[in-house]
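Now for the letters of each chain:
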Amino acid sequence: AAPSAVKRQRPNILVTGTPGTGKTTLSELVALALGYEHINVSELVKAHSLHDGYDEAFDTFILNDDKLCDELEEQLGAATGGYVVDFHTCDVFPERWFDLVVVLRTDNTVLYDRLTERGYSDKKRSENVECEIMQVVLEEARESYQEEIVVELQSDTVEQMESNTERIQEWAKAWLANNA
Ligand code: ADP
Ligand code: MN
């Protein structure tokens, strides 16, 4: 059974996926369309130092899960809801925070080009393309949340970005109708 959460007035949505799949872009569109608040967790981790330093070998911040969850509890644990949370990993959060978990997927060559454009090192780019091929984030989502709330969406084209936004909007509408 799903872990008990407070009864929310609006749903909380998690948008996850390999870096470059389009989480931030989609989250901004969804937040704008629904009038929800977008939380870019990577930015938050940097801005509030919710990490234990920088890992040079992996070219990334070492996330402090406890600090991160303490920081977000007031917002995501509240009854108001209405948050769109954007992060490349999803197993650090309490399950009860989310009503929908969107996993964005991108074709390998499309992702490779996006990460090149972003100026990623060869090593970091290969690691992330491999992570996408191995469906690491999708597996993580399926292990961390109820199957029914995990949705996989393709994010290769602008048309898909638009249809994904509409789909999440429709989902939120249905959630509100069912949870009023
Ligand atoms: P993430 O937050 O997952 O790292 P971004 O939202 O920053 O990804 O998107 C990475 C790049 O890919 C940006 O330049 C963005 O404009 C582009 N992009 C994202 N989603 C799509 C899509 N569905 N189709 C085409 N380009 C996209
Ligand atoms: Mn992003």
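This text goes with the structure placed above it.
Residues numbered from 1 in each chain as written. Chains lettered and ligands numbered in written order. Predicted model: local features only at pLDDT ≥ 70, side-chain atom pairs only at ≥ 80, totals over all residues. Heavy atoms only, no water.

Visitor: Go over a negative patch on the surface with me, naming the residues and quoting the values.
Guide: A contiguous patch of negative charge, built from Asp-65, Asp-66, Asp-70, Glu-71, Asp-91, Glu-139 and Glu-143, is present on the exposed surface. Of all elements in the fold, only α3 (65–76) and α6 (136–144) reach the threshold of two or more residues within the negative patch. Looking at the negative patch element by element, the count peaks at 4 residues for α3. With respect to the element layout, Glu-139 can be found in helix α6. (Patch = residues over 30% accessible without salt bridge, like charges linked within 9 Å, V, L, I, M, F, W, Y side chains within 5 Å. Areas by Shrake-Rupley, 256 points an atom, 1.4 Å probe, with all protein chains shown as cover. Salt bridge = Lys/Arg side-chain N within 4 Å of Asp/Glu carboxyl O. Lys, Arg positive; Asp, Glu negative; His and termini not counted. Charge placed at Lys NZ, Arg CZ, Asp CG, Glu CD. Helix = DSSP H or I, 4+ residues; strand = E, 2+ residues; numbered from the N terminus.)

Visitor: Quick one: what's the story with the packing of aromatic side chains, residue by residue and with numbers?
Guide: As enumerated under the stated definition, the model contains 6 aromatic pairs in all. Judged by centre distance (4.9 Å) and plane angle (85°), the rings of Tyr-54 and Phe-61 are edge-to-face. When the centroid spacing of 6.0 Å and the interplanar angle of 40° are considered together, the rings of Phe-93 and Trp-97 count as tilted. Considered together, Phe-93 and Trp-97 belong to a single accessibility category, that of buried residues. One aromatic cluster is present, formed by Phe-87, Phe-93, Trp-97, Phe-98 and Tyr-145 through successive ring pairs. (Phe/Tyr/Trp six-rings, centres within 6.5 Å; stacked < 30°, edge-to-face > 60°. Buried < 20%, exposed > 50% of the residue type's maximum accessible area, 1.4 Å probe, protein only.)

Visitor: I'd like a rundown of the sheet that holds strand β6 (residues 100–105), residues and numbers included.
Guide: Sheet architecture is open: 5 strands sit in the order β2-β5-β1-β6-β7, paired in parallel fashion. The open sheet has two edge strands with one neighbour each: β2 (37–40) and β7 (150–154). In this sheet, adjacent strand axes meet at a mean angle of 20° when their direction is disregarded. Sheet topology note: the β6/β7 ladder contains 5 bridges and is parallel. (Pairing = 2+ DSSP bridges. Axes fitted to C-alpha atoms, helices over the stretch in contact; angles between N-to-C directions.)

Visitor: I'd like a description of the side chain of Glu-140, backed by residues and values.
Guide: Mapped onto the elements of the fold, Glu-140 is located in helix α6. Of the side chains with opposite charge, Lys-23 lies nearest to the buried Glu-140, which makes no salt bridge, at 11 Å. Within polar-contact distance, the side chain of Glu-140 engages the backbone nitrogen of Cys-90 at 2.6 Å. Contact partners of Glu-140, with chain neighbours within four places excluded, come to Thr-89, Cys-90 and Asp-91. (Polar contact = N/O pair within 3.5 Å; in protein donor to acceptor, adjacent residues only side chain to side chain. Contact = heavy atoms within 4.5 Å.)

Visitor: Quick one: what's the story with the nonpolar core, residue by residue and with numbers?
Guide: The biggest cluster of nonpolar side chains holds 27 residues, and the ones touching the most others in it are Leu-68 and Phe-93. Breaking this core down by element, the ones donating at least two residues are α2 (41–47), α3, β5 (83–86), β6 and α6. Among the elements that line this core, the one with the most residues is α3, at 4 residues. Here Phe-93 is in contact with Leu-14, Val-41, Leu-68, Cys-69, Leu-72, Val-85, Phe-87, Phe-98 and Tyr-145, once residues within four sequence places are set aside. Listed in part, the 13 residues of the second largest apolar core include Ile-13, Val-84, Ile-168 and Ala-172. (Core = buried A, V, L, I, M, F, W, Y, C linked by side-chain atoms within 4.5 Å.)

Visitor: Could you give me a rundown of the pairing of strand β4 (residues 60–63), with the residues and numbers involved?
Guide: As judged from the 3 bridges shared by strand β3 (residues 51–55) and β4, these two strands associate in the antiparallel manner. Bridge pairing in β4 links Asp-55 to Thr-60. Connecting the antiparallel pair β3 and β4 is a turn made up of 4 residues, with Asp-59 showing a positive phi of about 55°.

Visitor: So what's going on with the pattern of salt bridges? Residues and values would help.
Guide: Evaluated as defined, the whole model comprises 7 salt bridges. Among the salt bridges present, the one from Asp-122 reaches Arg-125, with a minimum N-O distance of 3.0 Å. Here Asp-122 pairs with Arg-125, and both are found in helix α5 (residues 122–133), just 3 residues apart, close to one helical turn. Owing to a relative accessible area of 53%, Asp-122 belongs among the exposed residues under this scheme. Residue Arg-125 is classed as buried on the basis of its relative accessible area, which comes to 11%.

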